[in-house]
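# Analysis of the macromolecular model
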Amino acid sequence: MTKIAHEGYSPTLFERLAAAPHPSLTFQESFWHATAPAGPRTIPLEGEAETDVAIVGGGYLGFSTALHLAEAGVEATVLEADEPGFGASGRNTGFVVPNLLTGLDPTVMRREMGDEHGRLICDMVGQSAELVFDLIRRHGIACEARQSGWIQPVHTPEKLAWLEDRVAQWRSLGRPVQALSRDEAVYETGSEVYHGAFLDPTGGHLNPLAYCRGLAAAAVQAGARLHTNSRVREVQRQGDRWRLTTDRGTLVAKRLLLTTNSTGGGLAPKAEGTQFPITLFQVASQPLDPALRESVLPRDRSAADTRKELVAYRWTWDNRIVTGGLLASPFGSAERAKTYHLDRLQEMLPQLPPLEPAYAWQGRLAAARDFMPRLMRLGERGSDQGWSAIACNGRGMAMTTALGRRLALWLSGGSNEKLPVPVTDPDPVAVPSLASVAFSVWLPWNRRIDRAELKRAK
Ligand SMILES: Cc1cc2nc3c(=O)[nH]c(=O)nc-3n(C[C@H](O)[C@H](O)[C@H](O)COP(=O)(O)OP(=O)(O)OC[C@H]3O[C@@H](n4cnc5c(N)ncnc54)[C@H](O)[C@@H]3O)c2cc1C
């Protein structure tokens, strides 16, 4: 019997300092929680049950996999520790982004992942926003979805060459992206600080928790089983089955997929050790005068700029601005975090009135050190039929949805489409706590660079 649970897991001191959530900025405090329709009614796992594919984690990745498995006729059961969307999927900014982080353009992906996987991942990501909006339409998910486009405004003139190159790379893959001129960028964003912008019209925004709950409902409707309040405490390999233990029940599965993002809590320490957690704050302002929408993001796009500590913002259906980002400081107070991001926005959008943090919350994402998606083998043998997947690099909503679909096609054996992400062994970082420390140093240093670049660009 192989036991891969790691009892007694607790974050290191450095993780606590750099990534620990503020207790007052919880899931329930979010604007999305206040406004999303209820999810499907479910019950915790009790007694012993069996399934073909056990999925641990009820976020976009888990539910997209479960939905597409169920549609392919494969029995899937999702175990979620809390409720659908309790992780990053219910707390993010709601941007639907069909590309990868700045710096991870198609040529880099091909260099890092090899020609074939690089190309497959870029194709998957490029089409991912279309998939999200298509699922929303097909399953009638009420989530305030707007396919109004995603823009990445450029904060220095030096970056314009990069912008042209980025556009050319994605266009060579058939993506309908565009480079916007300075005048267009200023009009689109409402801010004079920008010099141009990348536009992907297939992106947009939505209520992320409502989307996650809707995906969960669609998966259940298609025949997947879902148990909430069912934290998996241990996974064990027994013969040719996986045995998952929760507080009240046991699930026996032929195959196992962990989609726990940064919050697995030690179920698979090696796989979890490949990622480092990043805590992000989110703020929704008070409702503003709707007339302001004519001068700030007039086409209702979502925007995230090219700064290292990027500025990201969007409107909600009831005329609030949602923004957020990294911690104000690793040791910052919750009150400071609430105003820090609104102040940054106000500086570049002077037409806005004083912004108040009507809602503030935070979430944790996980990223591998190279920000690439991963599909990692669990267990000691290649034939163990257990994997851990992450597809979050800060722009994970569309990518996790798309990867879930591909994983389902792969697990159901019903497609000739090649898996875009290679199956690898976990490659944990040698001293995981150092990743958090490095991040705490990275932040102030890169803020200085951003400030210097903006000053030069004026
Ligand atoms: C504040 C913030 C803003 C972001 N903004 C954006 C954005 O605008 N656009 C974008 O594309 N991406 C954004 N992201 C990233 C995006 O939210 C994530 O990439 C995506 O939600 C990850 O989905 P997931 O399913 O992999 O993980 P999660 O949504 O984190 O789901 C993991 C689930 O696993 C459950 N779990 C953990 N351990 C166990 C266990 N032992 N047993 C059972 N269940 C368990 C958790 O409760 C959780 O619900 C943001 C992230 C954050 C935190």
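Here, the structure is the one placed above.
Everything in this summary refers to the structure shown in the same document. Just so you know, these numbers come straight off a predicted model, no measurement behind them.

### Focus: the packing of helix α3 (residues 60-71) against helix α9 (residues 208-222)
Geometrically, a packed helix pair is captured by the angle between its two axes and the distance between the axes. Interaxial distance between α3 and α9 falls to 8 Å at its minimum, and their mutual angle equals 25 degrees. Looking at the two axes, α3 sits roughly parallel to α9. Our pair here, α3 against α9, has a crossing hand that is left-handed. Contact residues: α3 offers Y60, F63, S64, A66, L67, A70 and E71, while α9 offers P208, Y211, C212, L215, A216, A218, A219 and A222. The class makeup of the residues in the contact of α3 with α9 is 13 nonpolar, 1 polar and 1 charged.

### A few points about the packing of helix α4 (residues 106-113) against helix α5 (residues 115-126)
One can describe the packing of α4 onto α5 by two numbers: an axis separation of 6 Å at closest approach and a directional angle of 140 degrees. Accordingly, the angle class assigned to the pair α4 and α5 is oblique. Crossing of α4 over α5 shows right-handed handedness. Two secondary-structure elements touch here, α4 through P106, M109, R110 and M113 and α5 through D115, H117, G118, R119, I121 and C122.

### A short note on the site of the ligand
Taken together, the neighbourhood of the ligand is formed by 38 residues, with E80, S89, F95, C392 and M397 sitting nearest. One of the side-chain nitrogen or oxygen atoms of S89 is found 2.5 Å away from an oxygen atom of the ligand. Here an oxygen atom of the ligand and a backbone polar atom of M397 are 2.7 Å apart. Within the complex, the protein chains bury 98% of what would otherwise be the 1000 Å² of accessible surface of the ligand. Listed by contribution, the elements that provide at least two residues to the shell around the ligand are α3, β13 (275-285), β17 (357-368) and α12 (396-412).

### A short note on the environment of Q282
Here Q282 lies in strand β13. On a C-alpha basis, the gap between Q282 and H341 in space is 8.3 Å, while along the polypeptide they are 59 residues apart. Residues contacting Q282, with those up to four places away along its chain left out, are R91, N92, T93, V322, T323, G324, G325, Y359, A360 and W361. At a separation of 2.9 Å, a polar atom in the side chain of Q282 contacts the side chain of T93.

### Quick look at empty space enclosed by the protein
For the coordinates displayed, the defined rule picks out 2 cavities of 30 Å³ or more. In this structure, the largest cavity encloses a volume near 40 Å³. In terms of lining residues, the largest cavity is bounded by L258, T260, N261, A268, A271, E272, Q275, S388, A389 and I390. Taken together, the elements giving at least two residues each to the lining of the largest cavity come down to α10 (269-272) and β19 (386-390). Ranked by residues supplied to the lining of the largest cavity, first place goes to β19 with 3 residues. Split by residue class, the lining of the largest cavity holds 5 nonpolar, 4 polar and 1 charged. Roughly 30 Å³ of internal volume is contained in the second largest cavity. Every residue lining the second largest cavity is listed: F31, W32, E144, L206, N207, R314, T316 and W317. Each residue belonging to the lining of the second largest cavity can be placed in one class, and the counts come to 4 nonpolar, 2 polar and 2 charged.

Scoring rules and cut-offs
Residues numbered from 1 in each chain as written. Predicted model: local features only at pLDDT ≥ 70, side-chain atom pairs only at ≥ 80, totals over all residues. Heavy atoms only, no water. Axes fitted to C-alpha atoms, helices over the stretch in contact; angles between N-to-C directions. Helix = DSSP H or I, 4+ residues; strand = E, 2+ residues; numbered from the N terminus. Parallel < 35°, antiparallel > 145°, perpendicular 65-115°, else oblique. Left-handed = near helix turned anticlockwise from the far one by under 90°. Contact = heavy atoms within 4.5 Å. Nonpolar A, V, L, I, M, F, W, Y, C, P; charged D, E, K, R; others polar. Near = heavy atom within 4 Å. Polar contact = N/O pair within 3.5 Å; in protein donor to acceptor, adjacent residues only side chain to side chain. Areas by Shrake-Rupley, 256 points an atom, 1.4 Å probe, with all protein chains shown as cover. 1 Å grid on protein atoms, 1.4 Å probe; cavity = no way out; pocket = protein on both sides within 12 Å on 5 of 7 lines; lining within 4 Å. Points joined across faces, edges and corners; volume = space filled by probe spheres on them.

Distances and angles like these do not, on their own, reveal function.
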